[in-house]
Structures are given as C-alpha cells and as structure tokens.
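Structural characterization, general
Residue-level listing of the chains:
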There are 2 protein chains.
Amino acid sequence: MQIAILVFEHMAVLDAVGPYEIFSRVPGAETIIVGADAGPVRGAGGDLGLVADASFDDVVSPDVLVVPGWAGSRQDDLLRPGRAQSWIRAVDERTSWTAGVGTGALVLAGAGLLTGRRATTHWLAVDRLAALGASAADGAVVFDGKYVTAAGASGGIDLALMVVDRIAGEGVARAIQLLVAYDPQPPFDSGSVDKAPAEMVSTMRAVGGYFLDGGPAVS
Amino acid sequence: MQIAILVFEHMAVLDAVGPYEIFSRVPGAETIIVGADAGPVRGAGGDLGLVADASFDDVVSPDVLVVPGWAGSRQDDLLRPGRAQSWIRAVDERTSWTAGVGTGALVLAGAGLLTGRRATTHWLAVDRLAALGASAADGAVVFDGKYVTAAGASGGIDLALMVVDRIAGEGVARAIQLLVAYDPQPPFDSGSVDKAPAEMVSTMRAVGGYFLDGGPAVS
C-alpha cells in the first residue's frame with residue numbers, strides 16, 4: 001500500500017504532517033511525500049521547508065492521496081488546469097481514498113472530483129468550495145464515497161485515523177493513536193466558527209481573503 | 001521575538017510541526033528551524049524530510065526554545081554531553097520559555113534543565129524522565145517556571161497555544177486557534193494510557209523500548 005502526501009509552496013504544513021504522523025505508522029504501508037518536482041518546498045509563512053522525495057512522474061498509482069491546504073498565497077496553479085490538476089485527476093482514478101485537508105478540499109473540487117459530493121474545508125473557504133461544485137457539509141471530517149475532507153489542521157489527524165480504521169482496522173488506528181499519544185486538550189475552545197467569539201469570527205472574515213489567497217476574498 | 005524549533009534525525013515530526021503551525025502565526029515573532037547544521041534532516045520512519053534553516057552557530061539567543069521528541073532510534077547524541085546538549089544549555093540561559101514535546105522532555109532533562117522540576121513526556125518514557133532527575137507529573141501539558149513539557153504530539157499544539165497566551169495574550173492565542181481551525185475530534189479515545197485498552201498498553205510497553213530507542217527499554 002502506498003500513501004502519497006502532496007506538498008507545494010505555501011502549504012499549511014500541519015495539514016500534511018498531521019496525516020503523515022498517522023499514516024506513516026501503518027504496518028506494510030509506504031508513505032511518500034510528493035511534489036511537482038522532487039526537492040524542498042516552503043510552507044506557509046516561509047519558515048519551514050519540507051522535502052518532496054518524489055515528483056509527479058514518480059508516483060502514478062497511490063492507494064491513498066492526501067492533499068493539504070495552504071495559507072497566505074494564491075494557489076491558482078493548483079485550482080486551474082495544469083500539471084498538478086492533471087496529476088491529481090490521474091492518480092485519483094486508482095486511489096482507494098482521496099483526501100483533502102483544510103483548503104486542500106478546494107484543490108480536489110477544482111479538479112472536478114467533488115462535484116455534487118458532500119465535503120468540508122477551512123471555514124473561510126466554505127463559499128468557495130460550494131462555488132467549485134461541492135455540497136458544503138457540516139462536520140470536522142466528511143466522507144462521501146472514497147472522498148474524505150477535513151475542516152481544519154487537527155482534522156487531518158482525525159481524518160487519517162478514520163481512514164486507517166477503514167484500511168487497516170480499528171485496532172491499528174487505536175494503537176497508532178496511543179503510540180503518538182494523540183490526546184488533544186486545547187486550552188481554549190475557539191477552533192471553529194461555532195465556538196469562537198462572534199466578533200473574532202467577523203474580524204477574521206473581513207481579512208480572510210488575505211489568509212487564503214493573498215488578495216481580496218473571492219465571494 | 002525569536003522562536004527556535006530544534007530538528008534532528010529521527011525526530012517525531014508532528015512534535016515540531018504542531019508547535020510551528022501555532023508559533024509561526026504570532027505577530028512580530030520570527031520562527032526559525034534549527035539543526036546542528038543547516039540542511040535537511042529525516043524524521044522518524046525516514047519518509048519525511050524537514051529543512052533546518054539555521055545551525056547551532058546561527059541561533060544564540062532565542063526567546064522560546066522548542067525541543068521535539070523522536071521515535072525508532074537511539075538519541076544518545078542528544079541525551080549525553082555533546083554539541084546539542086551544550087547548545088541547549090547555552091540558549092536556555094536566555095530563553096523566556098523552554099519547551100519539550102513528547103520525548104523532547106528527556107533531552108531537556110539530560111541537559112540538567114529539569115532536575116527537581118515537574119515535567120511530563122511520552123507515556124513510554126516517564127520512567128526514564130524520572131531517572132534523569134525530573135519529577136514526573138500528570139497532565140497533557142505541565143508548566144514549572146519557564147519550563148513546559150507536553151506528553152504527546154497533539155500536546156505540542158496545546159503547549160504552543162498556552163505559551164502564546166502567556167507571551168502575546170489570550171486573544172492572539174484564540175485567534176490563531178481559529179485561524180488554523182484547531183478543533184480536534186478524535187474518532188477514538190485511545191490517546192493516553194488511562195483511556196486506551198489495558199491490553200494495548202501492556203503490549204506496547206513490552207515493545208516500547210524499540211519505539212523509543214531502537215533497542216531494549218532502559219529501565
């Protein structure tokens with residue numbers, strides 16, 4: 001079994017590394033970090049580089065595909081026809097599971113893979129997900145057939161555990177959770193629009209376009 | 001303000017990247033990834049490479065130091081006198097906060113920084129933490145003076161939010177939690193020894209030495 005995690009410039013690194021920490025511990029599975037080309041890429045903020053060990057050409061038939069989200073930069077290359085979209089469409093034809101974390105769901109939707117499907121994404125991007133043809137659904141993690149999407153960064157960890165449950169069994173999923181000691185106890189309860197103070201949400205919506213694409217919000 | 005996150009071979013990548021995702025969003029703070037030498041290092045499992053942008057020589061006075069844990073390999077170089085330990089001791093003299101995530105607490109203890117202090121670590125390493133002079137305490141995140149330790153990988157995210165609360169205020173911490181949509185909802189409740197099935201815990205304890213150091217458990 002091969003699990004491919006896509007990386008690209010300005011990615012939200014936790015969206016990729018959370019699932020990596022879970023998937024990389026599945027017995028008998030190979031987890032591979034894939035970029036358009038092999039080599040280092042810079043995450044959002046520019047302070048952290050991850051290394052893509054394989055290029056699009058190297059990975060043609062993964063069993064699981066994970067697409068992380070991004071922050072602070074336009075990602076038109078990922079959302080429009082091009083090399084990345086072609087690769088995602090091609091490998092998706094053979095995956096058992098195709099996953100999007102945070103705004104990674106927009107990438108899947110942009111490739112036409114979520115049309116008419118229930119999906120979730122980062123709360124600032126829900127309208128855009130719908131505009132790309134998906135049916136925006138409530139939930140930290142949403143399954144629709146083989147497509148699974150997570151709303152936030154920690155949701156990528158939750159998503160990975162849920163997929164591991166399906167591909168390797170609940171015992172393996174629970175053992176991995178114990179091994180990595182994934183026992184979150186956030187000191188505040190502000191991780192979603194339902195829980196955060198209303199004023200904080202509205203302020204962030206006002207400047208959210210910048211967070212997502214480095215420019216005015218797309219409405 | 002400078003926040004330094006240490007990286008090294010066989011590190012548990014989520015221990016570093018969880019705090020990174022939080023700290024890197026603090027306004028006015030610089031987050032820097034530090035290795036013994038600049039360049040890529042491989043995390044535990046070997047499938048993911050992170051790039052150290054700075055060497056020990058480059059970072060002499062960070063305000064916050066974060067030391068992640070590791071898995072699947074001995075880390076004697078980090079636990080015994082040597083270049084890493086000397087650097088950690090030196091920069092700790094000027095930090096406002098010194099943090100260990102997972103087995104990262106052992107590194108701090110090995111450097112003599114947790115002697116007599118309350119601290120936590122990965123559940124498989126609690127005995128070793130005590131053997132290194134710390135007072136093992138219950139809790140997902142434990143503060144003792146400027147030293148803060150987290151039991152697990154997700155605890156690194158919680159730890160980071162708690163430190164951000166102290167250095168930048170609760171409003172900033174909550175806004176970052178909302179921005180990264182940190183709203184964990186684990187599908188299983190097996191992330192600690194108190195919650196996981198007893199048989200799973202005992203099985204893992206039997207093979208846990210391998211997880212921690214690639215050899216027999218140190219008792």
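Note: the structure precedes this text.
Below you will find a few notes about this structure. Note that this is a predicted model, so its numbers are computed, not measured. Sequence order sets the numbering: in each chain, residues are counted from 1 along the sequence as written. Labels are handed out in written order, letters beginning with A for the chains and numbers beginning with 1 for the ligands. This being a predicted model, a pLDDT of at least 70 is required before a residue's local features are given, and a value of 80 or more before pairs of side-chain atoms are given or counted; all residues contribute to the totals for chains, interfaces and linings. Side-chain numbers come from the whole structure's heavy atoms, not from hydrogens or water.

A short note on the relation of the copies chain A and chain B
Between the two copies of the chain lies a relationship made up of a rotation around an axis and a movement along it. Selection criterion: All copies are superposed by least squares; the fitting set is the C-alpha atoms of residues with a pLDDT of at least 70 in both. Residues count as neighbours in contact if any of their non-hydrogen atoms are within 4.5 Å of one another.
Under the fitted operation, chain A is carried onto chain B by 0.0 Å of movement along the axis and a turn of 180 degrees, and the coordinates agree to an RMSD of 0.0 Å. The transformation relating the two chain copies, once decomposed into turn and shift, fits a two-fold axis. Scanning chain A for the C-alpha nearest the rotation axis identifies Leu 50 of chain A, at a separation of 2.3 Å. Comparing interface residues between copies, 100% of those in chain A also sit at the interface in chain B, which points to an isologous, same-surface contact.

What about unusual backbone geometry?
All names here are of chain A. Basically, it comes down to this: Whether a residue is buried, partly exposed or exposed follows from its accessible area with a 1.4 Å probe, protein chains only, as a fraction of its type maximum: under 20%, in between, or over 50%, in that order. In this description a helix means any DSSP run of H or I spanning at least four residues, a strand means any run of E spanning at least two, and both kinds are numbered starting from the N terminus.
Backbone geometry places His 10, a non-glycine residue, at a positive phi of 70 degrees. For His 10, a relative accessible area of 32% gives the class partly exposed. Look at Ala 181: it is not a glycine, yet its phi comes out positive at around 55 degrees. Assignment of secondary structure puts Ala 181 in the loop between helix H7 (170-179) and helix H8 (198-213).

A few points about the pattern of salt bridges
Note the threshold: Basic side-chain nitrogens of Lys or Arg form a salt bridge, by our definition, when they fall within 4 Å of a carboxyl oxygen of Asp or Glu.
According to the stated counting rule, one finds 16 salt bridges over all chains in the structure shown. With a closest N to O distance of 2.7 Å, Glu 21 of chain A and Arg 25 of chain A form a salt bridge. Across the salt bridge formed by Asp 53 of chain A and Arg 42 of chain B, the nearest N and O atoms sit 2.7 Å from each other. Of this pair, Asp 53 of chain A sits in the loop between strand S4 (49-52) and strand S5 (54-55) while Arg 42 of chain B sits in strand S3 (residues 39-42), which puts the two residues in different chains. Using a relative accessible area of 28% as the deciding quantity, one classes Arg 42 of chain B as partly exposed. A single network of salt bridges, built from pairs that share partners, joins Asp 183 of chain A together with Asp 189 and Lys 195 of chain B.

Here's the deal with the interface of chain A and chain B
Rules: Buried surface area refers to the total accessible area, computed with a probe of radius 1.4 Å, that the two partners give up upon joining, counted for both partners together. Under this definition, polar contacts are N or O atom pairs within 3.5 Å; protein pairs additionally need one hydrogen-donor-capable and one acceptor-capable atom, and for neighbouring residues in sequence, both atoms have to be side-chain atoms. When residue character is reported, Ala, Val, Leu, Ile, Met, Phe, Trp, Tyr, Cys and Pro are called nonpolar, Asp, Glu, Lys and Arg charged, and the others, Gly included, polar. Paired strands, as defined in this entry, are two strands with at least two bridges between them according to DSSP.
Listed per partner, the contact involves 63 residues of chain A and 64 residues of chain B. Contact between chain A and chain B buries roughly 5,400 Å² in total, counting both sides, with carbon and sulfur atoms accounting for 63%. Linking chain A with chain B are 4 salt bridges, by the criterion used here. Remark: the boundary between chain A and chain B carries 34 residue pairs in polar contact (both at pLDDT 80 or more). Secondary structure elements with two or more residues in the side of chain A that touches chain B: helix H1 (13-23), strand S2 (30-35), strand S3 (39-42), S4, helix H6 (153-168), H7 and H8 of chain A. At 8 residues, H7 of chain A tops the list of elements feeding residues into the side of chain A that touches chain B. Residues belonging to the side of chain A that touches chain B are distributed by class as follows: 37 nonpolar, 14 polar and 12 charged. As judged from the 3 bridges shared by S4 of chain A and strand S4 (residues 49-52) of chain B, these two strands associate in the antiparallel manner. Its bridge partner lying in S4 of chain B, Gly 49 of chain A is registered against Val 51 of chain B.

Quick look at the side chain of Thr 95 of chain B
All names here are of chain B. Of note, Thr 95 is situated in the loop between helix H3 (83-92) and strand S7 (97-101). Residue class for Thr 95 comes out buried when judged on its relative accessible area of 7%. Reaching out from Thr 95, the side chain makes a polar contact with the backbone oxygen of Asp 92 at a distance of 3.2 Å. In this structure the side chain of Thr 95 is engaged in a polar contact, spanning 2.7 Å, whose partner is the side chain of Thr 98. Look past the residues within four positions of Thr 95 in its chain and what remains in contact with it is Pro 62, Asp 63, Leu 65 and Lys 146.

Here we look at the pairing of strand S11 (residues 147-150) of chain B
Residue and element names in this part refer to chain B. Of the two faces of S11, both are covered, the one formed by Tyr 147 and Thr 149 as well as the one formed by Val 148 and Ala 150. Sheet analysis places S7 next to S11, joined by 4 bridges and oriented parallel. Looking at S11, one finds that Gly 100 is bridged to Thr 149. Sheet topology note: the strand S10 (residues 141-144)/S11 ladder contains 4 bridges and is antiparallel. In the strand pairing of S11, Phe 143 is matched with Val 148. Between the antiparallel neighbours S10 and S11 lie 2 residues, among them Gly 145 with a positive phi of about 65 degrees.

Considering H6 of chain A
To be explicit about the condition: To estimate the expected span of a helix, subtract one from its residue number and multiply by 1.5 Å.
For H6 of chain A, built from 16 residues, the straight-helix expectation of 22 Å at 1.5 Å per residue is met to within 8% by its first-to-last C-alpha distance of 23 Å. Where burial is concerned, most of H6 of chain A is hidden: 12 out of the 16 residues are buried. Every buried residue belonging to H6 of chain A is among Ala 153, Ser 154, Gly 155, Gly 156, Ile 157, Asp 158, Leu 159, Ala 160, Leu 161, Met 162, Val 163 and Val 164 of chain A, and all of these are buried. Residues of H6 of chain A that are buried in the fold lie against H1, strand S7 (97-101), strand S10 (141-144), strand S11 (147-150) and H7 of chain A together with helix H1 (13-23) of chain B. Looking one or two places after H6 of chain A, you find Gly 169 of chain A, whose phi comes out positive at around 100 degrees.

Describing the packing of H1 of chain A against H1 of chain B
Test applied: The axes used here are C-alpha line fits, helices contributing only the stretch in contact, and every angle between their N-to-C directions lies in the interval 0 to 180 degrees. Here the word oblique covers every angle except those under 35 degrees (roughly parallel), over 145 (roughly antiparallel) and from 65 to 115 (roughly perpendicular). Note on convention: the crossing is left-handed when the near helix lies turned anticlockwise from the far helix by less than a right angle, right-handed when the turn is clockwise.
Packing of H1 of chain A against H1 of chain B brings their axes to within 9 Å, and their N-to-C directions diverge by 155 degrees. It follows from the interaxial angle that H1 of chain A and H1 of chain B lie roughly antiparallel. The chirality of how H1 of chain A crosses H1 of chain B is left-handed. Counted together, Val 13, Leu 14, Val 17, Gly 18, Tyr 20 and Glu 21 of chain A of H1 of chain A and Val 13, Leu 14, Val 17, Gly 18, Tyr 20 and Glu 21 of chain B of H1 of chain B form the full contact between these two elements.

Topic: the environment of Leu 48 of chain A
Structurally, the position occupied by Leu 48 of chain A is in the loop between S3 and S4. Judged by its relative accessible area of 1%, Leu 48 of chain A is buried. Once you skip the residues sitting within four places of it in the chain, Leu 48 of chain A turns out to touch Val 13, Val 41, Arg 42 and Gly 43 of chain A together with Val 17, Tyr 20, Ile 33 and Leu 50 of chain B.

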